[in-house]
Amino acid sequence: MQRAQLPQHLQRHQKRSDECRRLKQAARSRAPKRPERRGGKERGRTGGRDASAVAKNVVLGAADTSQKVLQLEDGRFVDYRWTDGRWDLSKFASAGGKMDWDAWNKVIDAEMARRKILEESPIPSTNEEPVFFDTAEIPWWAWVRRFHLPEAEKLNGRAAMVGYFLAYFVDQLTGFGLADQQNSFLGKLALHVVVFAVLIFRTSSTIPMYKNLLDEATFYDRQWAATWDGQARPSETEKP
Amino acid sequence: MNNCKPCGGAIPLCMVDEFDLPADIIDRKVTKMKMISPSNREVDVGKTLSETEYIGMCRREVLDDYLRTRAKKHGATVLNGLFMRMEQATADGPYTVHFNSYKDGGKVGKPETLEVDAVIGADGANSRVAKEIDAGEYDYAIAFQERIRIPEDKMDYYKDLAEMYVGDDVSPDFYGWVFPKYDHVAVGTGTVINKTGIKQYQQATRDRSKVKTEGGKIIRVEAHPIPEHPRPRRCKGRVALVGDAAGYVTKCSGEGIYFAAKSGRMAAEAIVEGSVKGTRMVGERNLRTYLDKFDRKYWATYKVLDILQKVFYRSNPAREAFVEMCESDYVQKMTFDSYLYKTVVPGNPLDDVRLLVQTVGSLLRGNALRQGANSLPEAASSGRRCLSAAAKAADDPSLGCPVEYIDLRGTSIDQPAVCKYTGNKYYSDDWQAH
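No experiment lies behind these values; they were computed from the predicted model shown.

Analysis parameters
Residues numbered from 1 in each chain as written. Chains lettered and ligands numbered in written order. Predicted model: local features only at pLDDT ≥ 70, side-chain atom pairs only at ≥ 80, totals over all residues. Heavy atoms only, no water. Helix = DSSP H or I, 4+ residues; strand = E, 2+ residues; numbered from the N terminus. Buried < 20%, exposed > 50% of the residue type's maximum accessible area, 1.4 Å probe, protein only. Contact = heavy atoms within 4.5 Å. Areas by Shrake-Rupley, 256 points an atom, 1.4 Å probe, with all protein chains shown as cover. pLDDT = per-residue confidence, 0-100. Pairing = 2+ DSSP bridges. Patch = residues over 30% accessible without salt bridge, like charges linked within 9 Å, V, L, I, M, F, W, Y side chains within 5 Å. Salt bridge = Lys/Arg side-chain N within 4 Å of Asp/Glu carboxyl O. Buried area = accessible area lost by both parts, 1.4 Å probe. Polar contact = N/O pair within 3.5 Å; in protein donor to acceptor, adjacent residues only side chain to side chain. Nonpolar A, V, L, I, M, F, W, Y, C, P; charged D, E, K, R; others polar. Axes fitted to C-alpha atoms, helices over the stretch in contact; angles between N-to-C directions. Parallel < 35°, antiparallel > 145°, perpendicular 65-115°, else oblique.

## Describing the overall build of chain B
- For chain B, the count of helices and strands is 10 helices and 20 strands.
- Scored against the burial criterion, the 434 residues of chain B give a buried share of 50%.
- A fraction of 65% describes how many contacts in chain B between residues 6 or more apart in sequence connect residues 24 or more apart.
- Of the roughly 20,700 Å² that chain B leaves accessible, carbon and sulfur atoms contribute 54%.

In structure tokens:
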């Protein structure tokens, strides 16, 4: 249906609305489909919302070798930081080439991921690409800071909380303050016993575990001695 | 007497000396060994060996035949037969041994009997003599081996090198090996706790050495039981057991040839001594002297290997630590000294302390890397993990098959990828370019 010509004083509005409609249509055809607007795709895997380049590499695979991260390709382990069978520490180094805590942390992460991948999908060992990386390259303080310190913090925190409340209750009940409680020999002994017991027997399954270990340690000896059941060995009875 | 025993065939140096074996018995002198961890970290072991030290690889049929012929030359009577059963008419009387004699050739033996004063049972892991004396059962490992003839250039690499693969995929409590024989290699693995999964473990061993043994032809497949510990009763009356029949196989390395030969010799010596060169009747006490002597001499070796197996074959992190430890010269020297000469030599105490610290450190690092990995996101998935119920081997290593990553590139609904352990089919459309 042909639109009737608008009166002249309104034709200005007509032009503008036409212009708007045209612009909107152009914009809509340019704009990506919905998922892409948020960094996603309609089909296939994505790195995730706001994925960094590294994460995208890990999931989608990078085009060139210089950016591949933790990939298994054609039965080989490929990573831009893995050369000649070891992690190239210079690729992890922080600014100025220093191997500081952050750098070593990344090395630990990388080795963890590599072992996990290879445990799940073992690859053949080849003569052309032997693996030499030794975890002893990572200094002891990096291990301590990464694995021991969080655990120590957790345990000390628990001990402090429990100790504080126990000391408070004992104080309320007996009137002995924190210093007085530990003055006697019995008090010191109780403190040591509790601390070591908590360290040694961590969960309720630890006691049967120690018993099992003891059985396991002596099982082989008992198997060997079985033939001597009820009889003394000649070396024990005969005098030399 | 003419069966070919399925055996690794590795003999230590002390056996060549003690038993005066001629040089042509040994097909190959292995002087290097490569240990390969679950993450394919490899360590070359053998740089501490001197020029004259080696591990001898021999063919069992050649070795056995030589020893038998030598015994015959010294006056032994050799009868070709199959032991059936034995009985003792009176409590102190002679033993009547019933066997099928193959003296006249032919497939079916002729039943014969023989009266003897004493019996030494050396008939291997499935010993019938052991059954006759109610020696009891033992736990055993099943070892599976394929002999593969590989092309010359690949065989050259294995000229004097043996490989050991460790990992959960290869075996939950043992190792996979590639041993060179005279013109082929033997690729095999073993396990105690998951005998039904032995074929998968063998496949995993072949996969790990796939590139190095490519183009090979399998010429023989063999399997045999390996005892894990001695039988409860190794001697009864004037019957004693030696070798595999008694269960003298070490843990960790599964070595038994030398101990079989040595225990046989010790038993014979005990009989000679007890009977005062054949003038008096031997008694059970004399045979027990051999047991006592053997126990005292080799107990330390067996115990140390048992401890090594318990500590280092426990889990993948422990195996990684094991391979890391083998890098050190001190460990290599101690290992070879105790293997080649069968004595546990206590080293320098300071070195021992350092070794202990290094061991603990390696174990801690290995376990830390494994623990932390549980919180990592999944990586590199152009594939899919096969997660059938039987495949989930996360906590219980004796269940099912290894968890596997399957590459789904190139698959479609008509051409799915198949998990080689469970047969599950997987496909994906996501890999196609859009």
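Let us keep going from here.
## Brief notes about the environment of B:S263
- Turning to its location among the elements, B:S263 is positioned in helix α6 (residues 257-274).
- With near-sequence residues (within four places) excluded, B:S263 lies in contact with B:V242, B:G243, B:Y248, B:Y290 and B:F294.

## Topic: the confidence of the model for chain B
Residue and element names in this part refer to chain B.
- Per-residue confidence for chain B gives a mean pLDDT of 85; residues scoring 70 or more make up 90%.
- In the model, residues 378-385 has pLDDT below 50 throughout and makes 33 contacts with residues more than four positions away in sequence or in other chains.
- Predicted confidence is poor over residues 387-398, with pLDDT under 50, and the contacts of this stretch with residues over four places away or in other chains come to 22 contacts.
- Taken over the whole predicted complex, pTM reads 0.78, whereas the ipTM for its chain interfaces reads 0.76.

## Quick notes on the sheet that holds strand β5 (residues 55-58) of chain B
- Read across the open sheet, the 3 strands follow the order β1-β5-β2 (chain B); overall the sheet is antiparallel. Each of the sheet's edge strands pairs with one partner strand only, and the pair in question is β1 (10-11) and β2 (26-30) of chain B.

## Thoughts on a nonpolar patch on the surface
All names here are of chain A.
- Side chains of L191, V195, F196, L199, I200, F201, I207, M209, Y210 and L213 sit close together on the surface and give an oily, nonpolar patch of about 910 Å² of accessible area.
- Every element with two or more residues in the nonpolar patch is listed here: α7 (185-200) and α8 (206-225).
- Per-element accounting of the nonpolar patch gives the leading share, 5 residues, to α7.
- Accessibility expressed as a relative area gives 43% for M209, which makes it partly exposed.

## Focus: the interface of chain A and chain B
- Facing 53 residues of chain A, the contacting portion of chain B comprises 63 residues.
- Around 5,100 Å² of area is buried between chain A and chain B when both sides are counted, 52% of it from carbon and sulfur atoms.
- On the chain A side of the interface with chain B, the three residues burying the most area are A:S125, A:Y220 and A:W224, jointly 16% of the side's total.
- With a closest N to O distance of 2.8 Å, A:D221 and B:K303 form a salt bridge.
- For the pair chain A and chain B, the number of links is 26 residue pairs in polar contact (both at pLDDT 80 or more).
- Ranked by residues supplied to the side of chain A that touches chain B, first place goes to helix α4 (residues 101-120) of chain A with 12 residues.
- By residue class, the composition of the side of chain A that touches chain B is 27 nonpolar, 12 polar and 14 charged.

## Focus: the pattern of salt bridges
- On inspection of all chains with the given rule, the structure shows 45 salt bridges over all chains.
- Put simply, B:E163 and B:K212 hold a salt bridge, and the shortest N to O gap is 2.7 Å. Here B:E163, found in strand β11 (residues 161-165), pairs with B:K212, found in the loop between α5 (198-208) and β14 (217-227); they are 49 residues apart in sequence, far enough to count as distant.
- Overall, the relative accessible area of 0% leaves B:E163 in the buried class.
- Classification of B:K212 as buried rests on a relative accessible area of 4%.
- Close ionic contact of B:D169 with B:R208 constitutes a salt bridge, the shortest N to O distance being 3.3 Å. Of this pair, B:D169 sits in the loop between β11 and β12 (176-180) while B:R208 sits in helix α5, and the two are 39 residues apart along the sequence.
- Because the salt bridges share partners, they merge into one network encompassing A:D221, B:K251, B:K303, B:D306 and B:K310.

## Some words on unusual backbone geometry
All names here are of chain A.
- Positioned with a positive phi, D84 is a non-glycine residue whose angle comes to about 55°.
- As for its placement among the helices and strands, D84 is situated in the loop between β3 (82-83) and β4 (86-87).
- A residue is classified by how much of its surface remains accessible, and D84, at 69% relative accessible area, is exposed.

## Quick notes on the side chain of B:R288
- Among the structural elements, B:R288 can be located in helix α7 (residues 284-312).
- Take B:R288: its relative accessible area is 3%, and that puts it in the buried class.
- If near-sequence neighbours (up to four positions away) are discounted, B:R288 is found in contact with A:T227, A:W228, A:Q231, A:P234 and B:C235.

## Looking at the packing of α4(A) against helix α5 (residues 140-174) of chain A
Residue and element names in this part refer to chain A.
- Closest axis-to-axis distance for the α4/α5 pair is 10 Å, and the angle between their directions is 75°. When the interaxial angle is binned, α4 and α5 end up roughly perpendicular. Across the interface between the two elements, W101, W104, N105, I108, D109 and M112 of α4 pack against W141, A142, W143, R145, R146 and F147 of α5.
- When the residues that make up the contact of α4 with α5 are grouped by side-chain class, the tally is 8 nonpolar, 1 polar and 3 charged.

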